[in-house]
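Here's the letter readout for the chains.
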Amino acid sequence: MNKIRVIVEKEWDECFRNMTVLFSFIFLPLLFAALASGTVYMTSRTAAEDAGMEEIEATMGAVYDESQGPDGFLLYFASVYLTFFMLLPAILPGVFAAHSIVGEKVARTLEPLLATPIRTTELLAGKALAAVIPSLAASWSGVFLYLFALATFLPVELVAELVSFQNIFVVGVLGFLLSVMGVELTMIISSRSRDPRIAQQLSGLVVMPILFLFVGQLAGFLAVTPLFALSGAVILGSLDVALACLAVKLFDRESILTKWK
């Protein structure tokens with residue numbers, strides 16, 4: 001564990017010296033919270049004025065309980081935008097992981113590290129944790145800002161209902177598993193690539209399932225149920241384990257030490 005902790009601290013020390021990285025982790029949660037809360041606010045005004053609600057409910061009525069009226073709709077709509085914050089732990093790890101292998105290759109700092117008595121699993125675990133932990137922290141910071149903003153114009157009781165076990169599970173557990181998947185994919189690509197930009201761009205594909213989930217709920221053809229969330233966690237967890245094994249297998253440290261130029 002000490003070796004993994006050293007890798008994590010090393011990655012954080014290097015990455016957070018970069019003002020672009022630091023700015024991304026501060027600015028993006030603020031932007032996401034502003035966009036999500038602003039959209040819910042405009043929708044709440046529409047619901048209060050009952051203007052255009054029939055069209056909105058006709059679109060989304062299949063996935064929420066219409067008998068609850070405008071409050072039920074706002075609760076559902078606000079919970080959908082919690083899914084929006086799952087994009088952060090999928091996007092931000094690319095800032096770290098895309099440079100975790102290739103970036104160090106270019107800077108010639110990876111070879112001395114590989115020459116030390118550290119196992120490949122420890123090295124990759126340290127780099128993965130260094131990317132995932134601050135990304136999840138930024139995601140939850142955005143969620144707290146979003147809930148705080150909602151409490152300024154929605155009934156507190158309604159906002160409290162958003163903090164349900166299902167919502168916490170979806171944003172927390174599924175967000176974590178997607179974040180790990182993004183990091184693993186990036187490290188797999190990075191370990192075989194000379195260009196960190198390629199790794200970062202390809203790792204962005206992990207946001208596609210989140211966008212599908214988010215748009216599907218807004219369009220009214222997809223509902224997130226406890227069974228859906230649990231099934232998603234099992235599938236993502238299995239994929240994460242498989243990708244972790246593949247990342248270790250493909251990381252050829254001997255080739256990096258002797259052949260990479």
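Residues numbered from 1 in each chain as written. Predicted model: local features only at pLDDT ≥ 70, side-chain atom pairs only at ≥ 80, totals over all residues. Heavy atoms only, no water.

### Looking at the packing of aromatic side chains
- In total, this model carries 12 aromatic pairs according to the counting rule given.
- With 4.6 Å between their ring centres and 20° between their planes, Phe 32 and Phe 84 make a pair best called stacked. Highlighted residues: Phe 32 in helix H2 (residues 19-49) and Phe 84 in helix H4 (residues 69-84), separated in sequence by 52 residues. Side by side, Phe 32 and Phe 84 carry an identical accessibility label, which is buried.
- According to the relative accessible area criterion, Phe 84 is buried, its value standing at 14%.
- Feature note: the residues Phe 32, Phe 77, Tyr 81, Phe 84, Phe 85, Tyr 146 and Phe 214 constitute an aromatic cluster, connected by ring pairs. (Phe/Tyr/Trp six-rings, centres within 6.5 Å; stacked < 30°, edge-to-face > 60°. Helix = DSSP H or I, 4+ residues; strand = E, 2+ residues; numbered from the N terminus. Buried < 20%, exposed > 50% of the residue type's maximum accessible area, 1.4 Å probe, protein only.)

### A few points about a nonpolar patch on the surface
- Residues Phe 23, Phe 27, Leu 31 and Leu 35 make up a contiguous nonpolar surface patch of roughly 370 Å² in combined accessible area.
- Within the secondary structure layout, Leu 31 lies in helix H2.
- Under the relative-accessibility criterion, Leu 31 is labelled partly exposed at 31%. (Patch = residues over 30% accessible without salt bridge, like charges linked within 9 Å, V, L, I, M, F, W, Y side chains within 5 Å. Areas by Shrake-Rupley, 256 points an atom, 1.4 Å probe, with all protein chains shown as cover. Salt bridge = Lys/Arg side-chain N within 4 Å of Asp/Glu carboxyl O.)

### Description of the environment of Val 80
- Relative to the helices and strands, Val 80 is located in helix H4.
- Once the C-alpha coordinates of Val 80 and Ala 36 are considered, the two residues, 44 residues apart in sequence, prove to be 9.6 Å apart.
- Other than its neighbours up to four places away in sequence, Val 80 contacts Phe 214, Gln 217 and Leu 218. (Contact = heavy atoms within 4.5 Å.)

### Some details on the side chain of Ser 179
- Among the structural elements, Ser 179 can be located in helix H11 (residues 165-191).
- Once you skip the residues sitting within four places of it in the chain, Ser 179 turns out to touch Pro 89, Pro 93, Val 132 and Ser 135.

### Examining the pattern of salt bridges
- Tallied over the entire structure, the rule returns 4 salt bridges.
- In this structure, Lys 127 and Glu 11 form a salt bridge, with 2.6 Å as the shortest nitrogen-oxygen distance. Placement of Lys 127 in helix H9 (residues 120-150) and of Glu 11 in helix H1 (residues 2-15) is noted, with a sequence separation of 116 residues between them. Across the pair, exposure class does not vary: Lys 127 and Glu 11 are buried alike.

### Considerations on the side chain of Ser 24
- Among the structural elements, Ser 24 can be located in helix H2.
- Residues contacting Ser 24, with those up to four places away along its chain left out, are Pro 29 and Leu 92.

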